[in-house]
Number of protein chains: 4
Amino acid sequence: MVVSELAEAGERRIEWAARSMPVLQAIAARFGQDRPLDGLRIAASLHVTAETAVLMGALRAGGAEIALAASNPLSTQDDVAAALGGYGIAVHARAGVDRATYYRHIHEALDISPNIVLDDGCDLVNILHTERLELLEGVAGGCEETTTGIIRLRQMAAEGALRFPVVAVNDTRTKRMFDNRYGTGQSTLDGIMRATNILLAGRTVVVAGFGYCGRGVAERARGLGARVIVTEIDPVKALDASLQGYDVRPMELAALAGDVFVTVTGNRDVIRGEHLAVMKDGAILANAGHFDVEIDVRALEEMARDVRFGIRPNTDEYVLADGRRLLLLAEGRLVNLTAAEGHPAAVMDMSFSAQALAVARLAAEAARLSPGVYDVPADIDVEVARLKLAAAGIAIDSLTDEQEDYLHSWRLGS
Amino acid sequence: MVVSELAEAGERRIEWAARSMPVLQAIAARFGQDRPLDGLRIAASLHVTAETAVLMGALRAGGAEIALAASNPLSTQDDVAAALGGYGIAVHARAGVDRATYYRHIHEALDISPNIVLDDGCDLVNILHTERLELLEGVAGGCEETTTGIIRLRQMAAEGALRFPVVAVNDTRTKRMFDNRYGTGQSTLDGIMRATNILLAGRTVVVAGFGYCGRGVAERARGLGARVIVTEIDPVKALDASLQGYDVRPMELAALAGDVFVTVTGNRDVIRGEHLAVMKDGAILANAGHFDVEIDVRALEEMARDVRFGIRPNTDEYVLADGRRLLLLAEGRLVNLTAAEGHPAAVMDMSFSAQALAVARLAAEAARLSPGVYDVPADIDVEVARLKLAAAGIAIDSLTDEQEDYLHSWRLGS
Amino acid sequence: MVVSELAEAGERRIEWAARSMPVLQAIAARFGQDRPLDGLRIAASLHVTAETAVLMGALRAGGAEIALAASNPLSTQDDVAAALGGYGIAVHARAGVDRATYYRHIHEALDISPNIVLDDGCDLVNILHTERLELLEGVAGGCEETTTGIIRLRQMAAEGALRFPVVAVNDTRTKRMFDNRYGTGQSTLDGIMRATNILLAGRTVVVAGFGYCGRGVAERARGLGARVIVTEIDPVKALDASLQGYDVRPMELAALAGDVFVTVTGNRDVIRGEHLAVMKDGAILANAGHFDVEIDVRALEEMARDVRFGIRPNTDEYVLADGRRLLLLAEGRLVNLTAAEGHPAAVMDMSFSAQALAVARLAAEAARLSPGVYDVPADIDVEVARLKLAAAGIAIDSLTDEQEDYLHSWRLGS
Amino acid sequence: MVVSELAEAGERRIEWAARSMPVLQAIAARFGQDRPLDGLRIAASLHVTAETAVLMGALRAGGAEIALAASNPLSTQDDVAAALGGYGIAVHARAGVDRATYYRHIHEALDISPNIVLDDGCDLVNILHTERLELLEGVAGGCEETTTGIIRLRQMAAEGALRFPVVAVNDTRTKRMFDNRYGTGQSTLDGIMRATNILLAGRTVVVAGFGYCGRGVAERARGLGARVIVTEIDPVKALDASLQGYDVRPMELAALAGDVFVTVTGNRDVIRGEHLAVMKDGAILANAGHFDVEIDVRALEEMARDVRFGIRPNTDEYVLADGRRLLLLAEGRLVNLTAAEGHPAAVMDMSFSAQALAVARLAAEAARLSPGVYDVPADIDVEVARLKLAAAGIAIDSLTDEQEDYLHSWRLGS
């Protein structure tokens, strides 16, 4: 495809995404009038997708100059990247690049000397603090999109290593709800269906991790007719899973029963050699956690006497010594992003809207904030939900004066 | 792709399907020994897919000579067609052919002078009875796969037009369960997600028709977080939908509320101009019924001032005079087959296994049957379920002698 | 309570039930005008409850003379029985009578020399055919309410023993749906909650039998947060349960895992000594099948070293030799009728409406019918559903002329 | 019943509850050895139920002297109160007392001059701060059980009025999960079924409030086959309800559609005259919020031309001027406690275990805490969940050393 065709395809894709992002579009319109980001430079490391393009458009409308790199070597949509050039946004990303190029792209984005950074997984912030220290001075603040990134940032903050305030966009109620639970839930199952086309009804799906993402995956798997086993390390989450009717077991027992395994813990080696050793012939392995460390792919490779790559799209078959065949989806990378199309735009509308509003807030107030990880201000979260309900045509109640009084008075008795 | 590459791709696809079809493979092995179809000629009009190929393999193993045409111009997998040639099966099908070629292909399949016919939608049987009457003499019997086909056959039988016995493979309990309910349910939603990538959580999905297929679609839509409205014409089915917690309304009211519409009634013009006229901007229209008559596409075309084809894969946008945009998936044809991959192989394992056993039964007993529509013998259905449970490693109870006695004795009181 | 107070309490109860029975009330009004039962004598053996009273009222309004006995020694509501006297209906029933009195009551009801009989479990019909043969001459036909009764009747018919036509009210689509599935489903769980007040979320409930009733119980148990294990003897039903995401196992394995067991099979000794021997301490045993034979209570008694009756309402504790305690609800009789209030009136509205219409049809047409078991005519079923939807304010679609034509024409192709 | 019989009945009830409270029993055993409460006096205002009795037993085992009053005039189980006397606990509570006596009972409990107070709704703490100021000096700290109480306490703290530290037992993850969500969910529907015996399948249930309790009620209503409408004032919660597939509307529209209404907001006048004015004939009104202020019963009384009390147990019928009949359950008080038996013991096991451990913690550390509302320490919450899983025989995973390291290292990249 020649470049202009590629860009056109990207534009169509962005237009499609924008339709499902009414909240972000409303914010973009407001930014276009108020120009809250005039004169600011933003370096971003995000999945280069159509939805991200809509966010970039909103920030651009607000007056920012932007350089964008990928946050994952596999998620870049080249047509979107091509289209973004036409929007006046510098893109440093290409699908399928190797690790060195991936990091080089982040460096190139940082060359803009950012005032604000947007990150998704903490790679860009990490590089800033370890290899591009000279730029730290100019950075007023940042946003981080994922749970995994937040864990790393909190650790940095605890060690005193973090040098500017970061808003944990991941941690808003609307983000967790929309993105982690409903977005990851649907798109993970979507990815598994596209990769394998198996019937889920009657299958046993093992979900490792019962955080917001894991809950979403478990709900959707159940909603498609599967029996669901949950594994956890946190007693409270394990108990919650059990009370929701899920079968809770340790992985060593779940490994014996599962037809499909989905890891979504934020941790490494959740499925290890000892588990692979006892799985059923034909078991399917998928990861929906941010990094490709949750399934021990190296152990799988070592145990396999033969590998048939691409037996289905995004499906590789590992034949073990005893003849059992295990199917690894998307090489153990994010199955929802690789085998499906990632979060639907409607999902990203929520977290990216919060992100856009958080950037504007940072622009106004970062000077007053000390380094550390900050929650998204609650009013931003409520505002996003309010706009989303309005876009869906859903009206809700408001408090009467008497009710307001009641909530604020502790003197009323039983 | 050169032919041999195409055939190789088809073989991979068939091998993949075969893995999820343990019942049919067990039957194929048995057929290979018993050769119950030795000397028979079979003409089939079926979706030319990998799963059908596994069925063809089983019948071939049983000794039959086979000619295969498509049952729908859109569903043919060309790689599978290419691979089937290597199995000694004559294939008359190609993806995307026009209507004339489609019918010519059926004629070519009939040229084999069949003893047994396999049909999916009743086109082949219809042509036999209207244009190829000379072949009727040689036909001992047939099988029909779909509800739609059965309706046509029963009408033919009622009018005395049907000339040989046909087994309604559609009507087994396992077929309705697996294929109509779980298969159509999952694959329809899968098709909608692949075509649009929308988030289903929180959307209103209108399901027209609450037969087995409609029930499956409604369950899966709900399982993905949608609110579901059901429309029906049968009071008993409508009541059942209501008792399952669905919102039951006539289409004229449902049309106002829906974000996504799925027709699955077996009837025509379920969504008409009067409904299109009041839908929301951005409403999505999909059909999961056998024929492309359920959505009145002609009315949609007449109402549109502009059409943007292929705005997403399998998605066309109709812009109405008042600016509202309606999205038609898969041109109103079977969305699960066109936008996704049709029923998962595990589903087809059930109905194709019943079909294979029914063909063997017809081969043995058709001479004793008068023309008419026959149910699949109950023992075949139970046998298929028994084999499927065994393949899934699920054991069940059996009656004790005392329990057998109890069930057969009416003299025991309260 | 003096008799008049009792009757008053019964009237209140009947009035309450009547509110949830709009269909039967509409039929009663119609009967009051048309008098389709003028001059007929009806003997009925039914659960003597408020809902039955509303049915009796409708039949009385239609002109019938009625004698009513109980169909189960435990289900009689004495206040309702008292109130029915005031309606001019002869009642032969009292709560808690012994077996001899129970059968004597049925004989007394038969003394009316019935033209029509209504049965629920086939005891009355059985006595007619074995002990009251002199009355058979006068009986034009009957209705039977339960699956258990139908099994006995079909056996009688197969042996040539049945002497008049019986309408299997049990087997309408609306009855199975409302009564067996939703009615038994809810009321069984209701009974378990009232008897034990346990939290169901997170518990493992074993449902023995996956017919309509078992399906209802399984759905409601799952809906209350339980994990559900299904046991079955029919491969097709077992497979369906598995595809709906239930864990399917033989009872010997389910016995190890269950916290609560519900039998609903229509067969005897579904839970036997071998199962009791391996259950967990504190396991709860309940029966929702018609007769109290599904749990082998005798085996339980023999295994127990101690019994504490009434540890909770309708809950007896059996302490086994090894110290494990098993809790038997309602003495193994119908838990929904004994520990809760049986089917909600809204449920009985459906089956009793079908029954009322079936009695009128029998009155008009029994002379033309030979002995045997008959389905409820489909039009009665549809009429009941239609009236029920109307009462709930639910409108549905009707076919256009083009759609009618389409359904009746097999010449239209793809 | 004479007193000793009453006490015996109470003991049976307490024994039954204790079976479902393995965590609290394990803690009681530990307390019996460690005696962490030796020499302390506790005044408690709690629902006087069997489960509370088990808590009292654990605190008593720990060495405390206890005076117990009711926290609601309607929830006292007199047999339990009688039995508690035998355990050496002073009980000031009786079922059905008037408001004056209720408050007098709290005063009597306070006469013990408590060091620790346990409250459920903040009435006791309120009286302490307004009428029994002389006792404040001796109070080291307290626990509060409900959301409603916490709202009042936070307001007191904000105004500087709160004089000692209070642990918000309500706010642990396990409490919200078990108690608010699963406990209130099940017991509210249980109460509605016991009071009305209506079939929930196919009914429209309106749930006002989508906090943890509301979510539980909505889930259980849906699980019983109802269509659920949610009303909310918080955009984020409203959005979440919508994404879970609930129909979200303002109450003025929900009022038109509902068959059953459940308020569970913690606020007053959620259902007002303007809503009552448009409800359907036969609509059922129930409250599951702490106080009886959520339904405006006064408005209902004023609109009624007639009231029939006790038409069913805990069900009063209000006949409006236009003939419509509205059914108020439990006089607008907690329907789960009044019409059913409140939370199952398994639920209370969690919150009361947290409460017992929090009391021990307060005994050890209150001196170091300034006045204010405190969360339950996270380790207590995890400990309770851990014990509960162990009691249910559920094993879970634990982190490997490599996983611990991974979670604590931010330097690992993508």
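Residues numbered from 1 in each chain as written. Chains lettered and ligands numbered in written order. Predicted model: local features only at pLDDT ≥ 70, side-chain atom pairs only at ≥ 80, totals over all residues. Heavy atoms only, no water.

Here's the deal with the relation of the copies chain D and chain A
Least-squares fitting of chain D to chain A yields an RMSD of 0.1 Å, with the transformation described by 0.0 Å of translation along the axis and a rotation of 180°. Within this description, the copies of the chain are treated as partners about a two-fold rotation axis. A share of 100% of the interface residues of chain D reappears at the interface of chain A, consistent with the copies meeting face to face through the same patch. (Least-squares fit on C-alpha atoms with pLDDT ≥ 70 in both. Contact = heavy atoms within 4.5 Å.)

Some remarks on the domain arrangement of chain A
Residue and element names in this part refer to chain A. Domains assigned within chain A are domain 1 (3-175 + 343-391) and domain 2 (182-338). For domain 1 and domain 2, the distance between their C-alpha centroids amounts to 30 Å. With 13 residues of domain 1 in contact, the opposing surface of domain 2 contributes eleven residues. A buried area of about 1,100 Å², summed over both sides, lies between domain 1 and domain 2, and 63% of it is on carbon and sulfur atoms. Among the residues of domain 1 in contact with domain 2, Leu-74, Thr-148 and His-343 are the three that bury the most area, contributing 46% of the side total. Between the two partners, domain 1 and domain 2, sit zero salt bridges. Residue classes in the side of domain 1 that touches domain 2 are distributed as four nonpolar, seven polar and two charged. (Domains from an automatic or database assignment. Buried area = accessible area lost by both parts, 1.4 Å probe. Salt bridge = Lys/Arg side-chain N within 4 Å of Asp/Glu carboxyl O. Nonpolar A, V, L, I, M, F, W, Y, C, P; charged D, E, K, R; others polar.)

Let's talk about the UniProt feature "binding site: substrate" (unreviewed entry) in chain A
All names here are of chain A. According to UniProt, the positions carrying the feature "binding site: substrate" (unreviewed entry) are Thr-49, Asp-120, Glu-145, Lys-175 and Asp-179. As for its position among the elements, Thr-49 is in the loop between strand E1 (41-46) and helix H3 (50-61). Owing to a relative accessible area of 8%, Thr-49 belongs among the buried residues under this scheme. Those residues in contact with Thr-49, other than ones at most four positions away along the chain, are Ser-75, Gln-77 and Val-80. Within the element layout of this structure, Glu-145 appears in the loop between strand E5 (141-144) and helix H7 (147-158). Leaving out residues up to four positions away in the same chain, Glu-145 has contacts with Asp-119, Asp-120, Val-169, Asn-170, Lys-175, Asp-179, Met-348, Ser-351, Phe-352 and Gln-355. (UniProt positions renumbered as here; feature names shortened; annotations may be inferred. Helix = DSSP H or I, 4+ residues; strand = E, 2+ residues; numbered from the N terminus. Buried < 20%, exposed > 50% of the residue type's maximum accessible area, 1.4 Å probe, protein only.)

Let's talk about the pattern of salt bridges
By the definition in use, this model includes 112 salt bridges over all chains. Asp-179 of chain A is paired through a salt bridge with Lys-175 of chain A; the nearest N and O atoms lie 3.7 Å apart. Here the residue Asp-179 of chain A and the residue Lys-175 of chain A both occupy positions in helix H8 (residues 173-196), the gap between them amounting to four residues, near one helical turn. For Asp-179 of chain A, a relative accessible area of 3% puts it in the buried group. We note a salt bridge from Asp-269 of chain C to Arg-268 of chain C, for which the minimum N-O separation is 3.0 Å. Classification of Asp-269 of chain C by relative accessible area gives buried; the value is 13%. Here the salt bridges do not stand alone but share partners, grouping Glu-15 and Arg-19 of chain A together with Arg-308 and Glu-317 of chain B into one network.

Brief notes about the nonpolar core
Generally speaking, soluble globular proteins have nonpolar side chains that are buried together. Core analysis: the biggest nonpolar cluster contains 198 residues, and Met-56, Leu-59 and Leu-118 of chain A together with Met-56, Leu-59 and Leu-118 of chain B have the highest contact counts within it. Leu-59 of chain A has contacts with Phe-31, Leu-37, Ile-42, Ala-64, Ile-66, Leu-118, Ala-356 and Val-359 of chain A, leaving out every residue within four places of it along the chain. Ranked by size, the runner-up nonpolar core spans 197 residues in total, among them Trp-16 and Leu-200 of chain A, Val-48 of chain C together with Ile-66 of chain D. (Core = buried A, V, L, I, M, F, W, Y, C linked by side-chain atoms within 4.5 Å.)

With respect to unusual backbone geometry
A positive phi angle, near 60°, is found at Ser-113 of chain A, a position not held by glycine. Following the sequence through the fold, Ser-113 of chain A ends up in the loop between helix H5 (99-110) and strand E4 (116-119).

Description of the interface of chain C and chain D
On the chain D side, the residues contacting the 36 residues of chain C number 37 residues. In this assembly, chain C packs against chain D so that about 3,300 Å² is buried in total across both faces, 51% of it on carbon and sulfur atoms. Taken together, the connections running from chain C to chain D amount to six salt bridges. When the shortest N-O distance is used, the salt bridge between Glu-341 of chain D and Arg-312 of chain C registers 2.6 Å. Elements with a minimum of two residues in the side of chain C that touches chain D: helix H1 (3-19), helix H8 (173-196), helix H9 (212-223), strand E12 (304-312), strand E13 (315-320), strand E14 (325-329) and helix H15 (345-365) of chain C. The element contributing the most residues to the side of chain C that touches chain D is H8 of chain C, with eight residues.

Observations concerning helix H7 (residues 147-158) of chain B
Spanning twelve residues, H7 of chain B covers 16 Å between terminal C-alpha atoms, matching the ideal 16 Å at 1.5 Å per step. Among the residues of H7 of chain B, those classed as buried are Thr-148, Gly-149, Ile-150, Arg-152, Leu-153, Gln-155 and Met-156 of chain B. Residues of H7 of chain B that are buried in the fold lie against helix H6 (123-130), strand E5 (141-144), strand E6 (165-168) and strand E15 (372-375) of chain B together with helix H17 (401-408) of chain C. Trailing H7 of chain B by a residue or two, Gly-160 of chain B shows a phi angle of about 75°, which is positive. (Expected span 1.5 Å × (residues − 1).)

Observations regarding the sheet that holds E5 of chain B
Backbone-to-backbone hydrogen bonds pair the strands of a sheet. The strands run either parallel or antiparallel. All names here are of chain B. The parallel open sheet is built from seven strands, whose spatial order is E3-E2-E1-E4-E5-E6-E15. Only two strands of the sheet have a single partner each, and these edge strands are strand E3 (90-92) and E15. Taking each pair of neighbouring strands and ignoring which way they run, the sheet shows an average axis angle of 20°. Sheet contacts for helix H5 (residues 99-110): strand E1 (41-45), strand E2 (65-69) and E3; angle to E2, the most-contacted strand, approximately 170°. The strands that H6 touches are E1 and strand E4 (116-119); relative to E4, the one it contacts most, it runs at about 130°. (Pairing = 2+ DSSP bridges. Axes fitted to C-alpha atoms, helices over the stretch in contact; angles between N-to-C directions.)

Some words on a nonpolar patch on the surface
Residue and element names in this part refer to chain A. A grouping of Leu-253, Leu-256 and Val-278 is seen on the molecular surface, where their side chains present a nonpolar patch of about 250 Å² in accessible area. Tracing the sequence through the fold places Val-278 in the loop between helix H12 (273-276) and strand E11 (284-287). Judged by relative accessible area, which is 36%, Val-278 ranks as partly exposed. (Patch = residues over 30% accessible without salt bridge, like charges linked within 9 Å, V, L, I, M, F, W, Y side chains within 5 Å. Areas by Shrake-Rupley, 256 points an atom, 1.4 Å probe, with all protein chains shown as cover.)

Details of the side chain of Gln-244 of chain C
Its place among the elements puts Gln-244 of chain C in the loop between helix H10 (235-243) and strand E9 (247-248). Side-chain polar atoms of Gln-244 of chain C contact the side chain of Tyr-182 of chain B, separated by 3.3 Å. If near-sequence neighbours (up to four positions away) are discounted, Gln-244 of chain C is found in contact with Gly-225 of chain A, Arg-181 and Tyr-182 of chain B together with Phe-210, Arg-215 and Arg-222 of chain C. (Polar contact = N/O pair within 3.5 Å; in protein donor to acceptor, adjacent residues only side chain to side chain.)

Brief notes about helix H8 (residues 173-196) of chain B
All names here are of chain B. Its 24 residues give H8 an end-to-end C-alpha distance of 33 Å, which sits within 8% of 34 Å, the value for a rise of 1.5 Å per residue. Within H8, the axis deviates most sharply at Gly-183, by approximately 35°. In terms of burial, H8 is largely enclosed, as 22 of its 24 residues are buried. Looking one or two residues past H8, Asn-197 carries a phi angle of roughly 55°, positive in sign. (Bend = angle between axes of the 7 residues up to and from the residue.)

A few points about the interface of chain D and chain A
At the junction of the two partners, chain D supplies 68 residues and chain A supplies 68 residues. Between chain D and chain A, roughly 6,000 Å² of surface is buried when both sides are summed, and carbon and sulfur atoms account for 62% of that area. Our count for the chain D to chain A interface comes out at two salt bridges. The partner of Arg-173 of chain A in a salt bridge is Asp-234 of chain D, with the nearest N and O atoms 3.4 Å apart.

Topic: a negative patch on the surface
Residues and elements named next belong to chain A. Together, Asp-401, Glu-402, Glu-404 and Asp-405 make up a negatively charged patch on the protein surface. Relative to the assigned elements, Glu-402 resides in helix H17 (residues 401-408). We classify Glu-402 as partly exposed; its relative accessible area is 43%. (Lys, Arg positive; Asp, Glu negative; His and termini not counted. Charge placed at Lys NZ, Arg CZ, Asp CG, Glu CD.)

Concerning the sheet that holds strand E1 (residues 41-45) of chain C
Residues and elements named next belong to chain C. Strand order across the open sheet formed by seven strands is E3-E2-E1-E4-E5-E6-E15, with parallel pairing between neighbours. The sheet is open, and its two edges are formed by strand E3 (90-92) and strand E15 (372-375), each paired on a single side. For this sheet, the mean inter-axis angle between neighbouring strands, taken without regard to orientation, is 20°. Two elements, strand E2 (residues 65-69) and E3, share three bridges in a ladder whose sense is parallel. Within the sheet, the bridge partner assigned to Leu-68 lies in E3 and is Val-91. Across the sheet, helix H7 (residues 147-158) lies against strand E5 (141-144), strand E6 (165-168) and E15, angled at about 130° from E15, the strand it touches most.

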